[in-house]
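Each chain, written out:
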Amino acid sequence: MRLLLGGALLCPAWADHWTARHLGGALMEGGSDTTAAFLQSFVLLLVAHPEVHAKAQREIDEVVGTEEMPTLDDFARLPYLRAVVSEVNIFCLESHGND
C-alpha cells in the first residue's frame, strides 16, 4: 500500500485507513478465537477437577480476600493459580495447536 518515490514514503489516506481497518479486524478475529478456546478449556478443566478449582479459590480468598475481585497486580502473588493457567495453556496447545 505504500509507495517509495524518490526517497519519500507516500501513503494515501485511503490505504492507511483500509490497512488499519483490515489489520485490526484480523487481529481481533485471531485473538478472539484463541481467547475463547482458552476460556472454554479453563472452565471445562476446572469442572472436571473440582479439587483444583477448590485449591485455586482458597488461594484467591487468602491472598485477595472474599470481598474483592483479583486484579492483574494480584496475579504475581497467586502461584497456584499461575500454575493452573500455565497448565491450561499447555492443554490448549496440545489439543488445538495442530489443527
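Everything discussed here concerns the structure shown above.
About the cut-offs
- Residues numbered from 1 in each chain as written.
- Predicted model: local features only at pLDDT ≥ 70, side-chain atom pairs only at ≥ 80, totals over all residues.
- Heavy atoms only, no water.
- Phe/Tyr/Trp six-rings, centres within 6.5 Å; stacked < 30°, edge-to-face > 60°.
- Helix = DSSP H or I, 4+ residues; strand = E, 2+ residues; numbered from the N terminus.
- Buried < 20%, exposed > 50% of the residue type's maximum accessible area, 1.4 Å probe, protein only.
- Salt bridge = Lys/Arg side-chain N within 4 Å of Asp/Glu carboxyl O.
- Core = buried A, V, L, I, M, F, W, Y, C linked by side-chain atoms within 4.5 Å.
- Contact = heavy atoms within 4.5 Å.
- Lys, Arg positive; Asp, Glu negative; His and termini not counted.
- Polar contact = N/O pair within 3.5 Å; in protein donor to acceptor, adjacent residues only side chain to side chain.

Caption draft 1: Broad picture of the packing of aromatic side chains. Inspection of the entire model under this criterion finds 1 aromatic pair. For the pair F38 and F42, a centre-to-centre distance of 5.8 Å together with 25° between the ring planes defines the contact as stacked. Pair noted here: F38 and F42 are both in helix α1 (residues 13-48), with a separation of 4 residues, about one helical turn. The residues F38 and F42 share a single accessibility class, namely buried.

Caption draft 2: Spotlight on the pattern of salt bridges. Counted under the stated rule, the structure contains 1 salt bridge. R77 is the partner of D74 in a salt bridge, and the nearest nitrogen-oxygen pair spans 2.6 Å. Judged by its relative accessible area of 46%, R77 is partly exposed.

Caption draft 3: Here's a closer look at the nonpolar core. Grouped together as the largest cluster of nonpolar side chains are 11 residues: F38, F42, L46, A56, I60, V64, L78, L81, V84, V88 and C92. Secondary-structure elements contributing two or more residues to this core are α1, α2 (50-63) and α3 (79-96). When residues of this core are assigned to their parent elements, the largest contribution, 4 residues, is made by α3. Residues in contact with F42, not counting those within four places in the same chain, are L81, V84, V85 and V88.

Caption draft 4: Molecular detail of the environment of V43. Structurally, the position occupied by V43 is in helix α1. On a C-alpha basis, the gap between V43 and H53 in space is 9.5 Å, while along the polypeptide they are 10 residues apart.

Caption draft 5: Representation of the side chain of E59 within the structure. In this fold, E59 is placed in helix α2. The buried charged residue E59 lacks any salt bridge partner; its closest oppositely charged side chain belongs to R82, at an N-O distance of 7.0 Å. Within polar-contact distance, the side chain of E59 engages the backbone nitrogen of Y80 at 2.9 Å. Other than its neighbours up to four places away in sequence, E59 contacts L78, P79, Y80 and L81.

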